[in-house]
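Below, each chain spelled out in residue letters.
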Amino acid sequence: MTPQKKATVVSSSVAAVLTLIKLAIGITSGSVAVLASAVDSILDMFVSIFNYFAISNSEKPADRIFNYGRGKIEALASVIEGTIISISGLFLLYQAAKKAINNEASQYLEISIYVMIVSLIITISLVIYLSYVAKKTNSMVIKADALHYKTDVFSNLAVLISLLLVTFTGYEIIDVFVGGGIAIY
């Protein structure tokens, strides 16, 4: 297995684990920010799986139909990844507005904080690994994936700060603003 394929398998697996954890806590706690992070992890998982197939196809040699090979599939995968991120942002913005309108309160904030700390550590580790593979292989898809997960580090940090602020102040609107801000970002 090439380093690029291995990197997509690792990122898909990490995203799957983070998805399960964040989705369970996001739904249970009612935190839009944690739910936003969970939706992002779901999309990360599907994008990483798609990237695996894009890399597999781009590595195939030229043939009768693709005279110059399939190397441009990696660029297409990067565009699709950006589109999926945009669609997820719209969904999260909807969730933030819904929470604000219905004046919903977050629950289980302490466990949510721990989940986001673990998520932050795992995501930072993944970024370091993907950046290493991207530098070693010069793969456009892995570079895009590393960049995407770098933005996840910032959004996970924002969610963690949001949860801490809601815990200490009791102002649920902070969760709405952070979840909405992540959606817009």
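Bear in mind the structure is a predicted one, so any value in this text is a computation, not a measurement.

Novice: Please set out the overall build of the protein chain residue by residue, giving values where relevant.
Specialist: On a plain count of helices and strands, the protein chain comes out with 6 helices and 0 strands. Each helix (α) and strand (β) of the protein chain, taken in turn from the N terminus, gives the series α-α-α-α-α-α. Here the protein chain holds 185 residues, and the buried ones make up 45% of them. Put simply, of all contacts in the protein chain between residues at least 6 apart along the chain, 75% involve residues at least 24 apart. In the structure as shown, the protein chain presents an accessible area of about 9,800 Å², 72% of it carried by carbon and sulfur atoms.

Novice: Could you give me a rundown of the nonpolar core, with the residues and numbers involved?
Specialist: Soluble, globular proteins show a tendency: their nonpolar side chains are buried together. Counting residues in hydrophobic clusters, the biggest one holds 31 residues, and the most contacted among them are Val34, Met116, Leu130, Ile142, Tyr149, Val159 and Leu163. Breaking this core down by element, the ones donating at least two residues are α1 (3–29), α2 (32–58), α4 (109–137), α5 (140–169) and α6 (173–184). Top contributing element to this core by residue count: α4, with 10 residues. Those residues in contact with Val159, other than ones at most four positions away along the chain, are Ala33, Val34, Ser37, Met116, Val178 and Ile182. In this structure, Val39, Leu43, Leu92 and Ala183 belong to the second largest nonpolar core, which totals 5 residues.

Novice: Tell me about unusual backbone geometry, residues and numbers included.
Specialist: Residues apart from glycine generally show negative phi values, whereas peptide bonds are mostly found in trans. Of note, Asn138 is a non-glycine position whose phi angle comes to about 60°, a positive value. Along the chain, the position of Asn138 falls in the loop between α4 and α5. Take Asn138: its relative accessible area is 54%, and that puts it in the exposed class.

Novice: Tell me about the packing of α1 against α4, and name the residues and values.
Specialist: At a minimum axis separation of 10 Å, α1 and α4 run at an interaxial angle of 165°. What the angle tells us is that α1 and α4 run roughly antiparallel. As α1 packs across α4, the resulting crossing turns out to be left-handed. Every residue of α4 that contacts α1 at Pro3, Gln4, Lys6, Ala7, Val10, Ser11, Val14, Leu18, Ile21, Lys22, Ile25 and Ser29 is listed here: Ile111, Ser112, Val115, Met116, Ser119, Ile122, Thr123, Leu126, Tyr129, Leu130, Val133 and Thr137.

Novice: I'd like a rundown of α6, residues and numbers included.
Specialist: With 12 residues, α6 ought to run about 16 Å at 1.5 Å a step, and its terminal C-alpha atoms sit 16 Å apart, in line with that. Looking only at α6, the buried set comprises Ile174, Asp175, Val176, Val178, Gly179, Gly180, Ile182 and Ala183.

Novice: Describe the environment of Tyr94, with residues and values.
Specialist: Considering the arrangement of structural elements, one finds Tyr94 in helix α3 (residues 73–102). Judged by relative accessible area, which is 51%, Tyr94 ranks as exposed. Tyr94 sits 62 residues away from Val32 along the chain, and the two C-alpha atoms are 9.9 Å apart.

Novice: Run through α1, naming residues and quoting values.
Specialist: Here α1 spans 38 Å end to end across 27 residues, near enough to the 39 Å set by a 1.5 Å rise per residue. A positive backbone phi angle near 80° is found at Gly30, which sits one or two residues after α1.

Novice: Could you give me a rundown of the packing of α1 against α5, with the residues and numbers involved?
Specialist: α5 packs onto α1 with a crossing angle of 25° between their chain directions and a minimal axis gap of 11 Å. Between α1 and α5, the interaxial angle falls into the category roughly parallel. Along this stretch, α1 crosses α5, giving a crossing that reads as left-handed. Taking contact as the criterion, the partners of Gln4, Ala7, Thr8, Ser11, Ala15 and Lys22 in α1 are, on α5, Ile142, Asp145, Tyr149 and Asn156. Looking at the contact of α1 with α5 residue by residue, the class counts come to 4 nonpolar, 4 polar and 2 charged.

Definitions and limits used
Residues numbered from 1 in each chain as written. Predicted model: local features only at pLDDT ≥ 70, side-chain atom pairs only at ≥ 80, totals over all residues. Heavy atoms only, no water. Helix = DSSP H or I, 4+ residues; strand = E, 2+ residues; numbered from the N terminus. Buried < 20%, exposed > 50% of the residue type's maximum accessible area, 1.4 Å probe, protein only. Contact = heavy atoms within 4.5 Å. Areas by Shrake-Rupley, 256 points an atom, 1.4 Å probe, with all protein chains shown as cover. Core = buried A, V, L, I, M, F, W, Y, C linked by side-chain atoms within 4.5 Å. Axes fitted to C-alpha atoms, helices over the stretch in contact; angles between N-to-C directions. Parallel < 35°, antiparallel > 145°, perpendicular 65-115°, else oblique. Left-handed = near helix turned anticlockwise from the far one by under 90°. Expected span 1.5 Å × (residues − 1). Nonpolar A, V, L, I, M, F, W, Y, C, P; charged D, E, K, R; others polar.

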